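# Coordinate inspection notes
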Amino acid sequence: MIFDEYSEDIRKTMLDIEANRIVKPRYSIQLCEELLARKELEYDVAMKGYVNFNMGYCTYELNEIRKATAYIMEGLNQLLETQQWRLVSRSQNILGIIANSQGNLLLAMDYYLRGRAICEEHGFVDILYLFNTNIGSIYMFLDDVEHAQPYFDDSERIFNEYPHITIFDKTTTYINQTTCAIHGKKYEDAEYYLALAREYILEREDPLNQILISSLEAQLANGMKDEVRRDTIIAEIDQINCEKIALLDVFDDLYYYAQMLLDIENFDSFWNFINKLEPLVNKSESYHLQKRMVQLKLFYYERVKDNAAFLKESGLYYKLSEKLEKDQQLILRDNLIVKFNLEEAKKKRFEMEKRNEELQRKSEIDALTGLNNRYSLNEYSEVALQRAIIRGSSLGYEILDIDYFKEYNDNYGHQAGDEILIKIAGVLQSIAENPGIFVARYGGDEFILIYENYTYVEVKRFVMEIKNRIHNLAIPHKFSKAPEYRYVSVSQGAVCKQPGPNNKTWDYMAAADRLLYKSKSAGKNGYQISDQFE
């Protein structure tokens, strides 16, 4: 999507959507609906993809994962069609988080790795941290700190290279690094990363990170055997309102906290916490998260030896397992659809790139001779000049044209004239096989050569070699006005000089053209070369 193509008020709405989708997701949804209702955007596929992605993002923040999945899946096709690869990769990230929340770690990893590959292919290094963080979290869930840590470390490297990444985004990684350090019992590292994560709390009041960081502080204090501090923090968490947290982002971390409450047998705080989380979990419609909540309750009932409650909760656990199995089939189907659509989009992009390359090649190549054309010459000449200025090396220009070509064309016919152009182009192309020599057909019977990093003597040698090779073709031209030479010949003008900082390509073109004119005035079938512009 090209942002600047839209009117100022549409651009403002888009910026408002992105600024509010985390802090005021319902407001962003309202703005998305307003964009879709605009008449001028009715058939704008790129905008529809953008809106569906943001609707998916907002409903994901509201823990409505079925709606989020539907929006992201619908938008993904539109994003692929309009090649909005940055949003395609971010869609993979959200689908991965949703798959993870449904308990399908392999599928989640598949989404993350696919999104990461898109980032690497298109150079979106600045958002690689999203995938690093989530891949590291999967390893953390599997208690594999050794494999998780490198992903978190790589995210930190990206933060240092791309300072525009927000504190909010950095906090997610710092929180994961804290969790990683606590699990690995590296408490000094945990304190360091937790201090970095607290910066966001100081910057903006946010219940999500407030409860998350506080729960980590409690777990850290518990690991360090500081029971007084741990219990103080637990009492503070008991007072935090959890109604507005994006559960999918933090469930694993909160689960670890609940497990800690069970381990230290603080059952009052445990149930306080469960009662806060349960409405959010039920609203998310994730059978996997509901199952894990039931699992926490089962741990409690087992610990206090409440067999009746344990059996009742076990029945619910079984029912949720059945529902989850059906859900997994739908998630797998969605993943296959995404894979298929991505492959189709890649094929289309490859075909389009091939067509564009062919068009580009045709636009830079003279159709008759196969040499570079004037368009290609203009582009190359500027680059060659700058290279010569930077290197402090010589630059040579040669212009040549065919003597009495009009007479040849008029008497032998245009087809024969074309054959002459092709033969002379062949001679010039063989010269251009030397490194640093560029040749182009300038138009009609006129050709130009550019010599990079060759001395005056070397350029003169090439000029003479061209003349001799064309002579050796011995193409009859009985209508030539040069009585002493009745064969096809050329006149040449060349200049070779080290450019100064203020020289332009025109200085070389004009000088070579003046020397060509002098050569033709002297009777044609000759050459003039100089090391000066005048």
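Whatever comes next refers back to the structure up there.
Treat the numbers as computed from the prediction; the structure is a model and nothing was measured. (Residues numbered from 1 in each chain as written. Predicted model: local features only at pLDDT ≥ 70, side-chain atom pairs only at ≥ 80, totals over all residues. Heavy atoms only, no water.)

On to the packing of aromatic side chains, then. Counted according to the given criterion, the structure contains 22 aromatic pairs. Here tyrosine 257 and phenylalanine 273 contribute two aromatic rings whose centre-to-centre distance is 4.9 Å and whose plane-to-plane angle is 75°, an arrangement assigned as edge-to-face. With tyrosine 257 in helix H13 (residues 247-263) and phenylalanine 273 in helix H14 (residues 267-284), this residue pair connects regions lying 16 residues apart in the sequence. Assessed through its relative accessible area of 2%, phenylalanine 273 is described here as buried. Here tyrosine 508 and phenylalanine 533 contribute two aromatic rings whose centre-to-centre distance is 4.9 Å and whose plane-to-plane angle is 80°, an arrangement assigned as edge-to-face. Taken together, the residues span a long stretch of sequence, with tyrosine 508 in helix H21 (residues 505-521) and phenylalanine 533 in the segment after strand E5 (527-530) at a distance of 25 residues. Taking the relative accessible area as the measure of exposure, tyrosine 508 reaches 0% and is therefore buried. (Phe/Tyr/Trp six-rings, centres within 6.5 Å; stacked < 30°, edge-to-face > 60°. Helix = DSSP H or I, 4+ residues; strand = E, 2+ residues; numbered from the N terminus. Buried < 20%, exposed > 50% of the residue type's maximum accessible area, 1.4 Å probe, protein only.)

Quick look at empty space enclosed by the protein now. Rolled over the atoms, a probe sized like a water molecule indicates the empty space that remains. Counted by the stated rule, this structure contains two cavities of 30 Å³ or more. Reported here for the largest cavity is a volume of approximately 700 Å³. Residue lining of the largest cavity: 40 residues in total, with Tyr60, Ile97, Asn134, Thr172 and Asp249 positioned closest to the centre. Breaking the lining of the largest cavity down by element, the ones donating at least two residues are helix H3 (45-61), helix H5 (85-101), helix H6 (105-122), helix H7 (128-141), helix H9 (167-183), helix H11 (207-223), H13 and helix H15 (287-304). Residue classes in the lining of the largest cavity are distributed as 21 nonpolar, twelve polar and seven charged. Here the residues of the lining of the second largest cavity are counted per class, giving four nonpolar, four polar and two charged. (1 Å grid on protein atoms, 1.4 Å probe; cavity = no way out; pocket = protein on both sides within 12 Å on 5 of 7 lines; lining within 4 Å. Points joined across faces, edges and corners; volume = space filled by probe spheres on them. Nonpolar A, V, L, I, M, F, W, Y, C, P; charged D, E, K, R; others polar.)

Here we come to the sheet that holds strand E4 (residues 490-497). The pairing of strands in a sheet happens through backbone hydrogen bonds and is either parallel or antiparallel. Strand order in the open sheet made by the five strands is E2-E3-E1-E4-E5, with mixed pairing throughout. The strands lining the two open edges of the sheet, one partner per strand, are strand E2 (437-443) and E5. Between one strand and the next, the sheet's axes are offset by a mean angle of 15°, whatever the strand orientation. The pairing of E2 with strand E3 (residues 446-452) spans six bridges and is classified as antiparallel. (Pairing = 2+ DSSP bridges. Axes fitted to C-alpha atoms, helices over the stretch in contact; angles between N-to-C directions.)

A few words now on the environment of serine 394. When you line up the elements, serine 394 lands in the loop between helix H17 (374-391) and strand E1 (395-402). Residue classification places serine 394 among the partly exposed positions, given a relative accessible area of 23%. For the pair serine 394 and tyrosine 60, spaced 334 residues apart in sequence, the C-alpha separation works out to 62 Å. When residues no more than four places from it in sequence are discounted, the contact partners of serine 394 are Tyr451, Glu452, Asn453, Tyr454, Cys496, Lys497 and Gln498. (Contact = heavy atoms within 4.5 Å.)

Turning next to H5. The terminal C-alpha atoms of H5 lie 24 Å apart, and with 17 residues this matches the ideal 24 Å at 1.5 Å per residue to within 8%. The buried fraction of H5 is high, at 16 of 17 residues. Two residues or fewer after H5 comes glycine 103, characterised by a positive phi angle close to 85°. (Expected span 1.5 Å × (residues − 1).)

Moving on to the pairing of E4. Residues in a regular strand project their side chains so that they alternate between the two faces of the sheet. In terms of residue burial, E4 counts as a mostly covered element, since seven of its eight residues are buried. Note that E1 and E4 share eight bridges and pair antiparallel. The partner of isoleucine 402 across the bridge, within E4, is valine 490. Alignment of E4 against E5, held across four bridges, turns out to be parallel. Within the sheet, the bridge partner assigned to valine 495 lies in E5 and is serine 530. Taken together, E4, H21 and E5 form a β-α-β motif whose crossover is left-handed. (Right-handed = clockwise from strand over helix to strand, strands pointing away.)

Bringing the environment of proline 150 into the picture now. Its location among the elements puts proline 150 in helix H8 (residues 145-161). The class for proline 150 is partly exposed, based on a relative accessible area of 46%. Spatially, the C-alpha atom of proline 150 lies 33 Å from that of isoleucine 274, the residues being 124 residues apart in sequence.

At a minimum axis distance of 11 Å, the contact between H13 and H15 shows a crossing angle of 0°. The orientation of H13 relative to H15 falls into the category roughly parallel. Between H13 and H15, the contacting residues are Leu247, Leu248, Phe251, Asp252, Tyr255, Ala258, Gln259, Leu262 and Asp263 on the first element and Leu289, Arg292, Met293, Gln295, Leu296, Phe299, Tyr300 and Arg303 on the second. When the residues that make up the contact of H13 with H15 are grouped by side-chain class, the tally is eleven nonpolar, two polar and four charged. (Parallel < 35°, antiparallel > 145°, perpendicular 65-115°, else oblique.)

Quick look at the pattern of salt bridges now. Per the stated rule, a full pass over the model turns up 24 salt bridges. Close ionic contact of aspartate 110 with arginine 114 constitutes a salt bridge, the shortest N to O distance being 2.5 Å. With a gap of four residues between them, aspartate 110 and arginine 114 both fall in helix H6, about one helical turn apart. You can call aspartate 110 partly exposed: its relative accessible area is 24%. Of the residues examined, arginine 114 reaches a relative accessible area of 13% and is grouped as buried. In this structure, arginine 157 and glutamate 161 form a salt bridge, with 2.9 Å as the shortest nitrogen-oxygen distance. Taken together, the residues span about one helical turn, with arginine 157 and glutamate 161 both in helix H8 at a distance of four residues. Arginine 157 gets classed as partly exposed once you look at its relative accessible area, which sits at 34%. Through salt bridges with shared partners, a single ionic network connects Arg116, Glu120, Asp154, Arg157 and Glu161. (Salt bridge = Lys/Arg side-chain N within 4 Å of Asp/Glu carboxyl O.)

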